[in-house]
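Reading the structure
The residues making up each chain are set out below.
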Amino acid sequence: MPENSKSLSPSIKELLATPDREQKICLDAWVRTRRDSKNLIFLALSDGSCFNTIQAVINKELGSWNEETLAKVNTGAGVHITGTLVSSPGSGQAVEIQGEGISLYGDAPQESYPLQKKRHSFEFLREIAHLRPRTNTFGAVARVRNAMSFAIHRFFQERGFFYIHTPIITGVDAEGAGQMFRATTLPLENPPRKEGKTDFSRDFFGRPTYLAVTGQLEAEAYALSMGKVYTFGPTFRAENSNTTRHLAEFWMIEPEVAFCDINCNMDLAEEFLKFIISTVLKECSEDMAFFNQWVQKGIIDVLGDVVTKEFARVSYTDAMEELEKAQDSGSASFDFPVQWGSDLQSEHEKFLTETVYKGPVIVTDYPREIKAFYMKQNEDSKTVRAMDVLVPRLGEIIGGSEREADLVKLESRMDELGMHKEDYRWYLDLRKYGSVPHSGFGLGFERLIQYITGMQNIRDVIPFPRTVKSAEF
Ligand code: 4AD
Ligand code: MG
């Protein structure tokens, strides 16, 4: 073990940025690659602080080196290096470390270390999700995800929103889609029974409970007293969707604003997305340059364009007409029928965003039958004040709406859907006492990361993905 390891040794990010040359430095890092050339060893060192590695050069003929240590300084090893920071004679880096001493924290036996000096497929890396943050791609994703998290809080905090922690265990199916994971301490093998059914009065909470699919309903309670609030936390969906856009556990950002109608909601969503995108472009330029070159060619220009242009806004009905027109003229053919009343399928969303509007588009006023019970009903009694933000490559990244503020209308919709109103007593109180117009939306955090980085599979933008039949780590 290195003796003088200090937690305060500079990071590679700092070293690469410093103008000081010929300074003595020490560094704790991991070896990314090693290249031997005659009496020289070239190490690319990484500590996660930034995308780039720093080169350290060890001249075996200068100084006294421990042969045994040098033999173990290989890809994956954790090392402590001392030396001098000098201008690099080689191309590709401004500075490098002239090594004067090196010691080993822990080696990584090359015969078994899974990360070799070559490109690994994302599928393979998913199987070693605990080691994949050591790769360029996953380090970059983690840094972008971090920058986005912080930017999200900054966006809302700077605009007077309050961060509300909504419960993860809940008693209601807030989306009414029945895709909930049950949270129970009842013995599965032999649950207590009453009148032929499981007796949930004997469960931990004395009632059936689930993992939350959204924090919206609780956020509404706070918006209707605090004005502007947001949640940012994990949500859970027992959706049997094995796609590149679905996780069983994902993070969602949900602002909820009182005295705000659907137009104000759309403005907020658009401003919010543009803020996050431009922040990442500014603050993660090296990571984005990597995605731009290796993951999604040209993504930086595309995003640069997105932040300067207005998002298209179109009603569901008009969007359907666009799709019909395209189908009738033969310029597009879809597997799923284009029929007023049915939900937009990915192929439709793709066509709208990539071919018709060539960028993000906000679709509003969907048929009430395909949307949740809480959305404000339009005068036409066919549509609701929903707004989904769709983007190229991914389709829906935001789902939101103006909420039904009228108690009578809300109750009658819940009756139509056969919902158990007693379970939503508290939610209905929000309409009974001091009800005001209000709106909100939910942004799928991972989908936005996919959109910004160009990563194709949602499993690769969350550290440890949970999907159907997969919850390792
Ligand atoms: O459209 P959703 O279901 O809306 C809600 O949950 C509302 N309560 C939000 C609100 O109005 N406060 O989900 C919102 C977003 C989707 O647009 C999508 O980006 C993401 O959450 N999402 C998922 N992301 C990953 N995996 C899944 N299984 C997802 N389901 C939804
Ligand atoms: Mg949705």
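Look up: the structure comes first, before these words.
Rules used throughout
- Residues numbered from 1 in each chain as written.
- Chains lettered and ligands numbered in written order.
- Predicted model: local features only at pLDDT ≥ 70, side-chain atom pairs only at ≥ 80, totals over all residues.
- Heavy atoms only, no water.
- Disulfide = S-S within 2.5 Å.
- Buried < 20%, exposed > 50% of the residue type's maximum accessible area, 1.4 Å probe, protein only.
- Helix = DSSP H or I, 4+ residues; strand = E, 2+ residues; numbered from the N terminus.
- Lys, Arg positive; Asp, Glu negative; His and termini not counted.
- Salt bridge = Lys/Arg side-chain N within 4 Å of Asp/Glu carboxyl O.
- Polar contact = N/O pair within 3.5 Å; in protein donor to acceptor, adjacent residues only side chain to side chain.
- Contact = heavy atoms within 4.5 Å.
- 1 Å grid on protein atoms, 1.4 Å probe; cavity = no way out; pocket = protein on both sides within 12 Å on 5 of 7 lines; lining within 4 Å.
- Points joined across faces, edges and corners; volume = space filled by probe spheres on them.
- Nonpolar A, V, L, I, M, F, W, Y, C, P; charged D, E, K, R; others polar.
- Near = heavy atom within 4 Å.
- Areas by Shrake-Rupley, 256 points an atom, 1.4 Å probe, with all protein chains shown as cover.

Observations concerning the state of the cysteines
- For the coordinates displayed, the defined rule picks out one disulfide.
- Put simply, C260 and C264 are joined by a disulfide, and their sulfur atoms are 2.0 Å apart. When the S-S torsion is -110°, as for the bridge of C260 with C264, the disulfide is left-handed.
- C260 sits in the buried class, given a relative accessible area of 1%.
- Between C26, a free cysteine, and C50, which holds the nearest cysteine sulfur, the sulfur-to-sulfur gap is 17 Å.
- Given a relative accessible area of 12%, C26 falls into the buried group.
- No disulfide involves C50; its sulfur sits 12 Å from the nearest other cysteine sulfur, which is in C284.

Remarks on the side chain of R459
- Mapping R459 onto the fold places it in the segment after α13 (445-453).
- Here R459 occupies a buried position and makes no salt bridge, while the nearest side chain of opposite charge, D460, is found at 7.3 Å.
- A polar contact is formed between the side chain of R459 and the side chain of N242, at a distance of 2.6 Å.
- Engagement of the side chain of R459 in a polar contact is seen with the backbone oxygen of T243, the distance being 3.1 Å.
- With residues near it in sequence (within four places) discarded, R459 still touches R126, R132, N242, T243, T244, L247, P465 and T467.

Details of empty space enclosed by the protein
- Within this structure, the stated rule accounts for two cavities of 30 Å³ or more.
- Each pocket or cavity is described by its volume, and for the largest cavity that value is around 50 Å³.
- Along its surface, the largest cavity is lined by R237, E239, S241, H246, L247, A248, R466, T467 and V468.
- Its residues assigned to classes, the lining of the largest cavity comprises three nonpolar, three polar and three charged.
- T170, V172, A174, A212, V213, T214 and E218 are the residues that line the second largest cavity.

Considering the site of ligand 1
- Around ligand 1, a shell composed of 24 residues is seen, among which E175, Q216, R237, E254 and E396 lie nearest.
- The contact in question runs from an oxygen atom of ligand 1 to an N or O atom on the side chain of R403, over 2.9 Å.
- Alone, ligand 1 offers 620 Å² of accessible surface; in the complex the protein occludes 93% of this.
- For the shell around ligand 1, the elements supplying multiple residues, two or more each, are β12 (249-258), β16 (395-402) and β17 (438-444).
- The biggest single contributor to the shell around ligand 1 is β16, with five residues.
- For the shell around ligand 1, the residue count by class is eight nonpolar, eight polar and eight charged.

Some details on the environment of G106
- Looking at where G106 falls in the secondary structure, it is placed in strand β5 (residues 95-106).
- Taking the C-alpha atoms as reference points, G106 and R207, separated by 101 residues in sequence, lie 51 Å from one another.
- Those residues in contact with G106 that lie beyond four places of it in its chain are A77 and G78.

What is shown is where atoms sit, not what they do.
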